[in-house]
Amino acid sequence: MAAPQLLIAGGGIGGLAAALAVVRAGWEVRLFERAPTFTEVGAGIQLGPNVTRILQAWGLGDALRAVAAFPDSLRVRNALSGDELGVLPLGERALARYDAPYATIHRADILGLLSEAVRQVADVHVHLDQRILSFTDDGRAVTLAASRGPQVEGDALIGADGLWSQVRQQLLADGPPRITGHLAYRAMLRQSALPEKLRSNHVTAWLGPRLHVVQYPVRGGEWMNVVAIVHGTPRADAQDWDQAAQATDLERAMGATCGPLRGLISAVPEATVNDYAWRLWALADRSPVSGAEQMAKGLVGLLGDAAHPMRPYLAQGAGMAIEDAAELSRALAMDVVDVPTRLKRYALARWQRCARVQARSIRNGEIFHSTGFMRLGRDVTIRLLGARLLDVPWLYAGP
């Protein structure tokens, strides 16, 4: 009997993770990616133990160790005074508490890790430079129309095509995501080029009024990823998450922050005429998922940012997509029930956890950027509770 066919729209982290996971459930996968190659721009992501545990279970632990960094701790500092507010040990503590490491990694490296694993699986067929136009679900099969080539039929379709998902719009018709009013500046720095006092193997979060900055090592600690998030209005197309940025705009937004933080910001090399060291994107999200029907209907399901885009204030966007992929594999392996029931089971297993992460991310942003008495209360609370406040057991222990 032929293996059932899953069509996946989108070849980012979520789409590749889904392809890799679902073949383990006995399905054959056809993945469609609009870009001509698998590429990611220069930015880092954090992978908590809830995510690295899944990658290890897929046999990718060694590949992860070869390209990621494993920070010693999370340190929270006041962006105005520079004072350290609290510390959460990571490293060996994360391994002992959650049986998996806390990793930080360049987006291109996790994408490369997943795409290489997919290339080694015969039952995954990748179609690059193929933009999804529409789909038809007649209850028996899904037919996909792409920008090139004939229509393709499958037993189910997963929309893993990101924040501005075409699959989501046809499935739910709920309009575009909302613009948050937050702008993220990001840069990558080679640690060997930094003054000794700026080098670090920690995740450091600098919290200030209406802004925060996060820095952490990637690529085995050889590079540092820096992301500064401030309030502002996008200057260009909100769908373009990789825009050129002017360092002077960020320096102006930093205001009266402390010397060490200003030193980190100014360590980013100056832009040349045709190259910008800082890159910029306007943050967008959606309201937390309110029910399973927002993640699956009939033979079509949504995964990752297509299903539950979230603000980066809990560092779980990629993590929730990988968790989705693992649950999708478990659900599609339930061959005693029909495919719509399996997809519904996937959605039922995921929507509440994803909604909780979305809501916590929104709340964290309010706390990180707080002003006045709320900011003072935030700092006192972090000082008093330290690791007990910064740890997130319900998240890192996994679903």
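Below is a summary of the structure that appears in this document. Every residue gets a number counted from 1 within its own chain, in the order that chain's sequence is written. Note on the predicted model: pLDDT of at least 70 is required for a residue's local features to be given, and 80 or more for side-chain atom pairs to be given and counted; whole-chain, interface and lining totals, by contrast, use all residues. To get the side-chain values, all heavy atoms of the structure are used, and hydrogens and water are removed first.

To continue, consider the pairing of strand E2 (residues 28-32). A 1.4 Å probe rolled over the protein chains alone gives each residue an accessible area, and that area as a share of the maximum for its type sets the label: buried under 20%, exposed over 50%, partly exposed in between. To qualify as a helix, a DSSP run of H or I must reach at least 4 residues; to qualify as a strand, a run of E must reach at least 2; elements of each kind are numbered from the N terminus. Counting buried residues in E2 gives 4 out of 5 residues, a clear majority hidden from the surface. If DSSP finds at least two bridges between two strands, the strands pair. Pairing of strand E1 (residues 5-9) with E2, which is carried by 5 bridges, proceeds in the parallel orientation. If you follow Ala 9 over to E2, its bridge partner there is Phe 32. For the handedness criterion, the β-α-β arrangement of E1, helix H1 (residues 13-22) and E2 is classed as right-handed. Examined bridge by bridge, E2 and strand E7 (residues 124-127) share 4 bridges and lie parallel to one another. Paired with Leu 31 across the strands is Val 126, a residue of E7. If the strands point away from the viewer and the path from the first strand over the helix to the second runs clockwise, then the crossover is right-handed.

Right, let's get into unusual backbone geometry. For Arg 210, which is not glycine, the phi dihedral falls at a positive 60°. Along the chain, Arg 210 falls in the loop between strand E13 (203-208) and strand E14 (211-218). Here Arg 219, not a glycine, exhibits a phi torsion of approximately 50°, which is positive. Within the secondary structure, Arg 219 is located in the loop between E14 and strand E15 (223-231).

Hydrogen bonds between backbone groups are what pair the strands of a sheet, and the pairing can be parallel or antiparallel. Taken in spatial order, the 6 strands make up an open sheet running E7-E2-E1-E11-E19-E18, and their pairing is mixed. Each of the sheet's edge strands pairs with one partner strand only, and the pair in question is E7 and strand E18 (296-297). Alignment of E18 against strand E19 (residues 300-302), held across 2 bridges, turns out to be antiparallel. Considered in E19, the bridge of Ala 296 is made with Gly 301. Those strands touched by H1 are E1, E2 and E7, and its axis lies near 170° from that of E2. Should any heavy atoms of two residues lie within 4.5 Å, those residues are counted as being in contact. Throughout, an axis means a line fitted to C-alpha atoms (over the contacting stretch in the case of helices), and angles, computed between N-to-C directions, take values from 0 to 180 degrees.

Further remarks concern the environment of Ile 179. Tracing the backbone shows Ile 179 in strand E12 (residues 178-190). Taking the relative accessible area as the measure of exposure, Ile 179 reaches 42% and is therefore partly exposed.

This next bit is on empty space enclosed by the protein. Over the atoms rolls a probe the size of a water molecule, and its path tells where empty space is left. Points on a 1 Å grid, built from protein atoms alone, make a cavity when a 1.4 Å probe fits but cannot get out and make a pocket when they are open with protein on both sides within 12 Å along at least 5 of 7 lines; residues with an atom within 4 Å of a point are the lining residues. Grid points are joined across faces, edges and corners, and a volume is the space filled by probe spheres set on the points. Tallied over the entire structure, the rule returns 1 cavity of 30 Å³ or more. Looking at the lining of the largest cavity, the elements with two or more residues in it are strand E5 (84-89) and helix H4 (91-98). Among the elements that make up the lining of the largest cavity, the one with the highest residue count is H4 (3 residues). Here the lining of the largest cavity is built from residues that sort into 8 nonpolar, no polar and 2 charged. When residues are grouped by polarity, Ala, Val, Leu, Ile, Met, Phe, Trp, Tyr, Cys and Pro land in nonpolar, Asp, Glu, Lys and Arg in charged, and all others, Gly among them, in polar.

With their axes 9 Å apart at the nearest point, H1 and helix H5 (residues 107-119) run at an angle of 25° to one another. The angle between H1 and H5 places the two elements in the roughly parallel class. Handedness of the crossing formed by H1 with H5: left-handed. Judged by residue contacts, Ile 13, Leu 16, Ala 17, Ala 19 and Leu 20 of H1 engage Arg 107, Ile 110, Leu 111, Leu 114, Ser 115, Ala 117 and Val 118 from H5. When an angle is under 35 degrees it counts as roughly parallel; over 145 it counts as roughly antiparallel; between 65 and 115 it counts as roughly perpendicular; any other value is oblique. Put simply, a crossing is left-handed when the front helix is turned counterclockwise from the back one by less than a right angle, and right-handed when it is turned clockwise.

Within the element layout of this structure, Gly 317 appears in helix H9 (residues 317-332). Once the C-alpha coordinates of Gly 317 and Val 76 are considered, the two residues, 241 residues apart in sequence, prove to be 21 Å apart.

Throughout this description, the term nonpolar core refers to a set of buried Ala, Val, Leu, Ile, Met, Phe, Trp, Tyr and Cys residues connected via side-chain atoms within 4.5 Å. With 72 residues, the main nonpolar core has Leu 6, Trp 58, Leu 114 and Leu 328 as its most contacted residues. Formed by 32 residues, the second largest nonpolar core is a distinct cluster that contains Leu 207, Met 320, Phe 368 and Leu 395.

What follows deals with the packing of aromatic side chains. Within 6.5 Å between ring centres, the rings of Phe, Tyr and Trp (the latter by its six-membered ring) count as paired, and their orientation is classed by plane angle as stacked under 30 degrees, edge-to-face over 60, tilted in between. Per the counting criterion, the structure on display carries 3 aromatic pairs. For the pair Tyr 98 and Tyr 396, a centre-to-centre distance of 5.8 Å together with 75° between the ring planes defines the contact as edge-to-face. Of the two residues, Tyr 98 is situated in helix H4 and Tyr 396 in helix H13 (residues 393-396); the sequence distance between them amounts to 298 residues. Consider the rings of Tyr 102 and Tyr 396, whose centres lie 6.0 Å apart with planes at 85°: the pair is edge-to-face. Taken as a pair, Tyr 102 in the loop between H4 and strand E6 (103-106) and Tyr 396 in helix H13 lie far apart in primary sequence, 294 residues in all. Each member of the pair, Tyr 102 as well as Tyr 396, carries the same accessibility label: buried.

Spatial ordering of the open sheet is given by E8-E9-E10, a layout of 3 strands whose pairing is antiparallel. Every interior strand has two partners, whereas the edge strands, strand E8 (132-137) and strand E10 (152-154), have only one. Here the strands of the sheet are splayed against their neighbours by 25° on average, with no regard to which way each runs. Relative to strand E9 (residues 142-146), E8 runs antiparallel, the two sharing 5 bridges. Considered in E9, the bridge of Ser 134 is made with Ala 145.

Looking now at the packing of helix H2 (residues 49-57) against H9. For the pair H2 and H9, interaxial distance at closest approach is 9 Å and the crossing angle is 45°. Viewed along their axes, H2 and H9 adopt a mutual orientation that is oblique. As H2 runs across H9, the sense of the crossing is left-handed. In this structure, H2 uses Asn 50, Val 51, Ile 54 and Leu 55 to contact H9, whose residues at the interface are Gly 319, Met 320, Ile 322, Glu 323 and Ala 326.

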